[in-house]
Amino acid sequence: MKKYYLLSFLGIVLLGVFLACSDEEEVPPGTETVVPGTDHNILIAYFSEPIPDGVDANSSASRVVVDGELYGSVEYMAAVIGEATGGDMARIRTAQSYPGNYDDLAAQADEERQSDARPELSTVIENFDDYDVVFVGYPIWWYQMPMAMYTFFDTYDFAGKTIVPFSSHGGSGWSGTLGVITELEPDATLVTGRSVSRGGVAESEEGILQWLQDIGIVE
Ligand SMILES: Cc1cc2nc3c(=O)[nH]c(=O)nc-3n(C[C@H](O)[C@H](O)[C@H](O)COP(=O)(O)O)c2cc1C
């Protein structure tokens, strides 16, 4: 079982290396390069489930230590964005926690993907309507967003809001997730996002800050 998931994972990563590596390639039509409007109320909503330690060679790579602090990859990106923009933070958590080892996590994620599941969320964002710009962060799981992200998009009304996506992956880039977001939220405006390979997350701060300037959300 463990071997199966390890091999599948390696397969994904290798294919990803072939397919990737331009995170810019998959920009859906209508994507804005700059966040429209001024005087924003910003929310940074993100899902991050670092691969637990001590399981295999992949495990440590999903955890990032910066200045002595331990983060998940997406969690770290969210922290940089939060610090720079002053936006409110919301970590998207599921009611049922995920398994504490890689094989079981991979198996559950695969099962959820295949059954098109909508895992229940424990995170509730009471004042979601107050925000006009929502940074949405997620890791790539089995070539797509974790299914909890689908629950998230189902739960909240993004009509009229600006979505700024950010993501971390193990080699497969956005994996078509930007197109999925535009399908799920046709009445929102999508702005150019930021995708970082997990191996580069610990050194990603400068690039993230540059991107935030490029999209006009910080000076
Ligand atoms: C269940 C699972 C499936 C994954 N599937 C992919 C994948 O299809 N493509 C990819 O590039 N990386 C994949 N990864 C790697 C994660 O996207 C990567 O480690 C990411 O940095 C994790 O972010 P986090 O630590 O914030 O959760 C997968 C990781 C897990 C745990």
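Only a predicted model underlies this, so the values are computations on that prediction, with no experimental measurement involved. All chains use their own residue numbering, which begins from 1 and follows the written sequence. In view of the model being predicted, local features appear only for residues whose pLDDT reaches at least 70, and side-chain atom pairs are presented and counted only at 80 or more, with totals across whole chains, interfaces and linings using the full set of residues. Heavy atoms from the whole structure form the basis of all side-chain values; hydrogens and water molecules are not counted.

Asker: Even after reading the chapter, I still don't get helix α6 (residues 205–214), so can you show me in this structure?
Answerer: An α-helical segment advances 3.6 residues per turn. Residues three or four places apart therefore align on the same side. Throughout, exposure labels follow a simple rule: accessible area from a 1.4 Å probe, protein chains only, divided by the maximum for the residue type, with under 20% read as buried, over 50% as exposed, and the rest as partly exposed. Each helix is a run of H or I in the DSSP string that is no shorter than four residues. Each strand is a run of E no shorter than two, and both are numbered from the N terminus. Within α6, the full set of buried residues consists of Ile208, Trp211 and Leu212. In an axial view of α6, the angular spread of the buried residues amounts to 100°, which keeps them on one side of the axis. Those residues of α6 that are buried are in contact with α2 (73–85), β5 (133–139), β6 (162–169) and β8 (194–197). The first or second residue beyond α6 is Gly216, which carries a positive phi of 80°. The arc under discussion is defined with respect to the helix axis, by the directions toward the C-beta atoms. Pairs of residues are marked as contacts when any of their non-hydrogen atoms sit within 4.5 Å.

Asker: I keep staring at the side chain of Thr177 and nothing clicks. Help me out?
Answerer: Its location among the elements puts Thr177 in helix α5 (residues 177–184). Beyond its immediate stretch of four places on either side in the chain, Thr177 contacts Glu26, Tyr138, Ile140, Gln144 and Met145.

Asker: I'm lost on the pairing of β6 in this one. Help?
Answerer: Regular strands have side chains that alternate between both faces of the sheet. β6 sits mainly inside the fold: eight of its eight residues count as buried. Side-chain alternation along β6 places Thr162, Val164, Phe166 and Ser168 on one buried face and Ile163, Pro165, Ser167 and His169 on a second face that is also buried. Where β5 meets β6, seven bridges bridge the pair, whose relative direction is parallel. Bridge pairing in β6 places Val136 opposite Pro165. A clockwise path from the first strand over the helix to the second, with the strands pointing away from the viewer, defines a right-handed crossover. Each parallel crossover has a hand, and for β5 linked through helix α4 (residues 147–155) to β6 it is right-handed. Sheet topology places β6 next to β8; four bridges connect them, and they run parallel. Residue pairing across strands places Ser167 opposite Ser195, the latter belonging to β8. Only strands that DSSP links by at least two bridges are regarded as paired with each other.

Asker: Can you walk me through unusual backbone geometry in this structure?
Answerer: Trans is the common state for peptide bonds, and a negative phi is the common state for residues other than glycine. Its identity as a non-glycine residue notwithstanding, Asp67 has a phi of 50°, on the positive side. Residues other than glycine seldom take positive phi values, yet Trp142 does so here, at roughly 50°. Residue position: Trp142 is located in the loop between β5 and α4. Take Trp142: its relative accessible area is 14%, and that puts it in the buried class.

Asker: Whenever I open this one, a negative patch on the surface confuses me. Can you help?
Answerer: On the surface, a cluster of negative charge is made up of Asp67, Glu69, Glu83, Glu205 and Glu206. Within the secondary structure, Glu205 sits in helix α6. Exposure remark for Glu205: the relative accessible area of 40% places this residue in the partly exposed category. Within the patch definition used here, like charges are joined within 9 Å and nonpolar side chains (Val, Leu, Ile, Met, Phe, Trp, Tyr) within 5 Å, considering only residues with over 30% relative accessible area and no salt bridge. In short, Shrake-Rupley with a 1.4 Å probe defines the accessible areas, and a residue's cover is counted only from the protein chains shown. For salt bridges, the criterion is a side-chain nitrogen of Lys or Arg within 4 Å of an Asp or Glu carboxyl oxygen. Asp and Glu count as negative and Lys and Arg as positive, but His and the ends of the chain are not part of the count. Charged groups are reduced to one reference atom each: NZ for lysine, CZ for arginine, CG for aspartic acid, CD for glutamic acid.

Asker: When you look at the pattern of salt bridges in this model, what are you seeing that I'm missing?
Answerer: For side chains of opposite charge, pairing can occur when their charged atoms come near one another. Summed over the entire model, instances satisfying the criterion amount to four salt bridges. The residue Arg113 makes a salt bridge to Asp110 at a minimum N-O spacing of 2.4 Å. A residue pair is termed a helical-turn pair when its members lie 3 or 4 positions apart in one helix, as Arg113 and Asp110 do in helix α3 (residues 102–114) at three residues. A relative accessible area of 30% places Arg113 in the partly exposed class.

Asker: When you look at the nonpolar core in this model, what are you seeing that I'm missing?
Answerer: One recurring pattern in soluble globular proteins is that nonpolar side chains are buried together. As used in this record, nonpolar core signifies buried Ala, Val, Leu, Ile, Met, Phe, Trp, Tyr and Cys residues forming a set joined through side-chain atoms within 4.5 Å. Residues Val136, Tyr138, Met149, Phe152 and Phe158 are the most contacted members of the largest nonpolar core, which totals 36 residues. Every element with two or more residues in this core is listed here: β1 (42–46), α3, β5, α4 and α5. For this core, the element with the most residues is α4, which contributes six residues. Ignoring any residue separated from it by four or fewer positions in sequence, one finds Met149 in contact with Phe47, Ile92, Val136, Gly137 and Tyr138. Counting 26 residues, the second-largest nonpolar core is a separate cluster that includes Val164, Trp211, Leu212 and Val218.

Asker: Is there a simple way to think about the environment of Glu206 in this case?
Answerer: One can find Glu206 in helix α6. Measuring from C-alpha to C-alpha, the distance between Glu206 and Val80 comes to 9.4 Å, with 126 residues separating the pair along the chain.

Asker: Can you help me understand the pairing of strand β3 (residues 69–72) in this one?
Answerer: By the bridge criterion, four bridges tie strand β2 (residues 63–66) to β3 in an arrangement that is antiparallel. By the bridge assignment, Val64 is partnered in β3 with Tyr71. In sequence, β2 turns back onto β3 through a hairpin of two residues, with Asp67 there showing a positive phi of about 50°.

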